[in-house]
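Chain residues, written in single-letter form:
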Amino acid sequence: MYYRLLRNDMLNSKAITLTTMLFVAAATMLVALAAILVVNLAGAIDTMMTQGKTPHFMQMHAGEVDLARLTAFAEQHEDVADFQVIEFLNVDGAQFVFAGGSLAGTIQDNGLVVQSERFDFLLDLDGNLITAADGDIYLPIAYMQDGTAKIGDTVTVAGKPLTIAGPLRDSQMQPMLASSKRFLVSHNDFAALRPFGSVEYLIQFRLHDLDRLSAFGTAYTAAGLEANGPAITYPLFRMMNAISDGLMIAVLLLVSALVVAIAFLCIRFTLLAKIEDDYREIGVMKAIGLRVSDIKKIYLTKYVAIAAVGSLLGYGLSFVFRDALLTNIRLYMGESANATLAPLLGIISVLLVFLAISAYVNGVLGRFRKISPAEAIRFGISQEKAGGGRRFHLSMNKLLSTNIFLGVKDVLVRKSLYATMLVVLALAAFIIIVPQNLHNTIASNSFITYMGVGDSDLRIDIQQTDQIAEKAAEIAAAMANDVAISKFVVLTTKTFPVQLADGSEESLKVELGDHAVFPLTYIQGRAPAAENEIALSVMNAREMGKEVGDVITLIINGRETILTVCGVYSDVTHGGKSAKAVFADDSADTMWSVITAELTNPVLLDETVAAYADKFAFAKVSDIDEFIRQTYGGTISAIGKAAYAAVGIALTLIALITLLFMRMLVAKDRYAIAVMKAFGFTNADIKAQYMARSVFVLIIGILLGTLLANTLGEALAGLVIGSFGAASFKFIVNPGFAYLLSPLLMAGVALAATILGTLDAGHIKISDNIKE
C-alpha cells in the first residue's frame, strides 16, 4: 500500500519531488566532497612527509660550519635520532635561463642540491627517491605547473646546459610560502656549478619524540651553534603544505553547512505545502480513527525515499567532481595513505545527513497532532492568523501601484509562509558574499599586515648570506640619498632565549627596528617604542599566557632582561610565532633583515625595483604586489576558485527554491487568483503581484544576508585565518560585487524563476476554482 501511495504521489508532484531530491543531492554531494578532501589532504601531507622523511628541526645557515661541533652536539643530545648537514647552492635567479626567460624576477631563493643520503629526500611524482644523472636536472613542481619549463627542455644554469628530467616533490620547500626552492642535480654537476653560487647549509635533525621539539630548539640555541638563518620545524612544514588547499576546503565546508541548512528548509517547506494540500484528507483520516503514527508513516515513507535517492545521487556526483578537486593535492603531495578511507568517510557523512533529514521530517510531521479533524473537514485548509499587513488597505495606498501594493501586503499578512524563502535567500546571499570577501581580503595589499609586516611599496629581503648587517646598512645608505624613496625602515630578526613560567627556556624570534614607520594593526596595545618594551604575535602571546602589561624575560648577551608586553599582533609567517622590539643588540647572530620602503611616486615602482635589484644582487627586491603573488598566490587562486563555485551554487539554489516556492504558492492561491480574475485582474496583473512578492522578500533577504556575511561570516573566516596565526580579522569588501553585482545576479535569477513558477496562474479558470 505504501509503495502505491508513494508512487502515485510522486507522479502527481514530479517537479516538487525532483527539486527536493536535487537539494538533498547538492547537500550530500558537498558534504561528501568536504569529507573526502579533508581526509585526502591530511593523508597526502602525512604520506609525503613520511616518504620524504622531513626533518623535525632545520636550521638554515649562511657562513662557515663547524661540522665536528655539530656532530658532537647531535651525538650527545639524547633527543636526536638522526642528523645531517646538506649543502644548498644558492644561484641567482638570472642564472636560470629557460626557453621562455629566466628566474630573475622571482623572490624565491633558487638553489641546487644533491639527493640526501639519510633523510629529507626529494621525490618523483610516484613518491620514489630521485637519482639525478649527469646532465639532468629536476625542477620544483611550481615551475613546471606555471609553464616556466617542461620535461625535455633545456635550462642553462650559470652557462651550463642541463636537460629537465622531470618535476620533484619537496616536503620542505615546495609551498609558495617557503622562501626557497630546490633544484636536484647530480654530484658531478653540483661540483661543476659550485663556483657560480654561494653555499648555504641546511642543518637538519630528526628526533625520537616530536613532543620534545621545543626543548630541542632551545638547547640548540643555548649551545651557540650555527644560526645565521631561519630555523624551521616540522609543524611549520606541515602548516605551509596545508594552507592553500586547507583554506579552500574550509570554504567548501562552510558552503556545505549552509546548503545542508537550505535543504532542510526546502524539505520543511515542501512538506508543509503538502500537508496544506492534504489538510482535509488528514482531517478525514483522523476522524475515522487512524492513528497519528500511521498518518505520519505515509508521509515519512515518501520523504525518506526522496532523501535516500538524493543522498545516493549526491554521493555519486561527489565522484564526478572529486578528481578535479583532488588534482592539486595529488600533484603536489601525491596519493593519500588514507585514500581508501576517504570514500568510507564520505559514505558516513552522507548517511549522517540522510538520518538527520529523516529525523527532521519526523519532527515536522509531529504537527499532525495539532490538526483538528472538525476544522480540517470544515475549512479544508489551515486557518492563517492575520498579520500586521491587514492594517494596510488599498484605499490608503498613495505611492505604489495596485499590483505592487497587493504583493507587498500579502507578504506582510502571511509572514510565516514567506519565512522559508526569506531565510533561503539570506543564506544564499551569505554563501555568495563570504567567500568573495575572504578572497578580496587575502588578495589585497593590506593582508600583508597579517604577515607581521607593515603595508609599503617596496620590500628587500637579505637572508642566507654573510655580513647581513653591513649589507643592510649599505642599502639603507642608498635609500637615504634616493629622492624616489619617501621613507624606509630596516628591520633585523634575531633569536633570543626567553624564560617561560615553568622556568624552562625557549627560543624567540625578535624583529628589531623602528616599527612605527610602517605600523601593523595591533589587536591589543601598540608597537614597541621604548627599549624595555616588546610586542608578541598572537600565537606567542597565547602560548606564553601573556597580555598587554605583562612582562617576559629575555636572555640578551647572557643577561636576564625584563621587557613589558606593549602589544599583540597577527602574523601568519614563521609558524605564527614572532616578536617585535626596538632595543639594540650586537651579541646575537642576525637571521635575516627586511627593508621596506614607500615611494614618493608609486608610478616609478617598477623602475625603482629594477634599479635596486641590479645594484644589490645579494638581496631579493620586489614590489609588494609581486611579493604577495609569489608568496601566497596559490592560496589566493584556490580561494578564488572556491568563491566562484560558491556563487554558482548559491544562484542555482535561489533558482530552484524560488521556482518551487512560486509553484506551490500558485497552487495554494488558486481560489484567490480566481476571485481576482473575477474582479477583472489580468494574468499580467497577477504575475506582477507575484513578482512584487518575490522582489520584496529578495530585498529583505539580501539585506539580512549581507548583514550576516559582514558579522557572522567575518567571525567564521577569522576563526580559520586565526588558526594560522592571525586574529582580529576584518573583511575587505568589494562594494561593486557585494552591494551591486551580487544583488543584481540574485534578483535576475529570482525574477526569472518567479516568471517560470507563475506560468500556471494564467491557466487557472474562474469557474473551476470559485465553485470549489
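Conventions used here
Within any chain, residue numbers begin from 1 and follow the written order of that chain's sequence. Where totals are concerned, whole chains, interfaces and linings use all residues; where local detail is concerned, this predicted model gives features only for residues with pLDDT of at least 70, and gives and counts side-chain atom pairs only at 80 or more. The side-chain numbers reported here are obtained from all heavy atoms of the structure, hydrogens and water having been left aside. Only protein chains enter the accessibility calculation, which uses a 1.4 Å probe; a residue is then buried when its area is under 20% of its type maximum, exposed when over 50%, and partly exposed in between. Secondary structure elements follow DSSP: runs of H or I of four or more residues count as helices, runs of E of two or more count as strands, with numbering from the N terminus. The criterion for strand pairing is that DSSP finds at least two bridges linking the strands in question. UniProt positions are given in the numbering used here, feature names are shortened, and annotations may be inferred rather than shown by experiment. Identification of polar contacts relies on pairs of N or O atoms within 3.5 Å, with a donor-acceptor requirement for protein atoms, meaning one able to donate a hydrogen and the other able to accept it, and with residues adjacent in sequence counted only if both atoms are side-chain atoms. When a carboxyl oxygen of Asp or Glu lies within 4 Å of a side-chain nitrogen of Lys or Arg, that pair is called a salt bridge.

J.: What should I look at first to understand the pairing of strand 14 (residues 505-512) in this one?
T.: Regular strands place their side chains on alternate faces of the sheet. For strand 14, the buried fraction is high: 6 of the 8 residues fall into the buried class. Examined bridge by bridge, strand 13 (residues 485-499) and strand 14 share 8 bridges and lie antiparallel to one another. Among the inter-strand pairings, Pro497 is bridged to a residue of strand 14, identified as Ser507. The hairpin turn running from strand 13 into strand 14, its antiparallel successor, is 5 residues long, and Gly503 in that turn takes a positive phi close to 95 degrees. Strand direction decides the pairing type here: strand 14 and strand 19 (residues 579-581), joined by 3 bridges, are parallel. Bridge pairing in strand 19 places Glu511 opposite Lys580.

J.: Help me out: how do you make sense of the UniProt feature "transmembrane region" (unreviewed entry) in the protein chain in this one?
T.: Using the residue numbers shown here, the UniProt feature "transmembrane region" (unreviewed entry) corresponds to residues 247-271, 300-321, 341-361, 416-434, 642-662, 690-709 and 740-759. For residues 247-271, helix accounts for 100% and strand for 0%, while the C-alpha atoms at its two ends are 36 Å apart. In this annotation, residues 690-709 is assigned 100% helix and 0% strand; the end-to-end C-alpha distance for the span is 28 Å.

J.: Quick question: what am I supposed to make of unusual backbone geometry here?
T.: Negative phi values dominate among residues other than glycine, just as trans dominates among peptide bonds. If you check the backbone angles, Asp120 has positive phi at about 55 degrees while not being a glycine. Within the secondary structure, Asp120 is located in the loop between strand 5 (109-113) and strand 6 (136-140). If you check the backbone angles, Asn557 has positive phi at about 55 degrees while not being a glycine. Asn557 sits in the exposed class, given a relative accessible area of 52%.

J.: What is the right way to read the environment of Asp92 from this model?
T.: By secondary structure assignment, the location of Asp92 is in the loop between strand 2 (80-90) and strand 3 (96-98). Taking the C-alpha atoms as reference points, Asp92 and Thr327, separated by 235 residues in sequence, lie 32 Å from one another. Separated by 3.0 Å, the side chain of Asp92 and the backbone nitrogen of Ala94 make a polar contact.

J.: How should I be thinking about the pattern of salt bridges in this particular structure?
T.: Side chains bearing opposite charge may pair, as long as their charged atoms lie close to each other. What the rule picks out here adds up to 18 salt bridges. Among the ionic pairs, Lys160 bridges to Asp189, the shortest N-O distance being 3.6 Å. Here Lys160, found in strand 8 (residues 160-168), pairs with Asp189, found in helix 5 (residues 187-193); they are 29 residues apart in sequence, far enough to count as distant. A salt bridge links Asp323 to Arg322; the nearest nitrogen and oxygen atoms lie 3.6 Å apart.

J.: Please clarify how the pairing of strand 13 should be interpreted in this entry.
T.: Pairing of strand 13 with strand 20 (residues 590-599) involves 9 bridges; the strand directions are antiparallel. Across the sheet, Val490 pairs through a bridge with Ile595, a residue of strand 20. As defined by bridge partners, strand 13 adjoins strand 17 (residues 551-556) across 2 bridges and the pair is classed as antiparallel. When the bridges of strand 17 are listed, Gln499 appears paired with Thr553.

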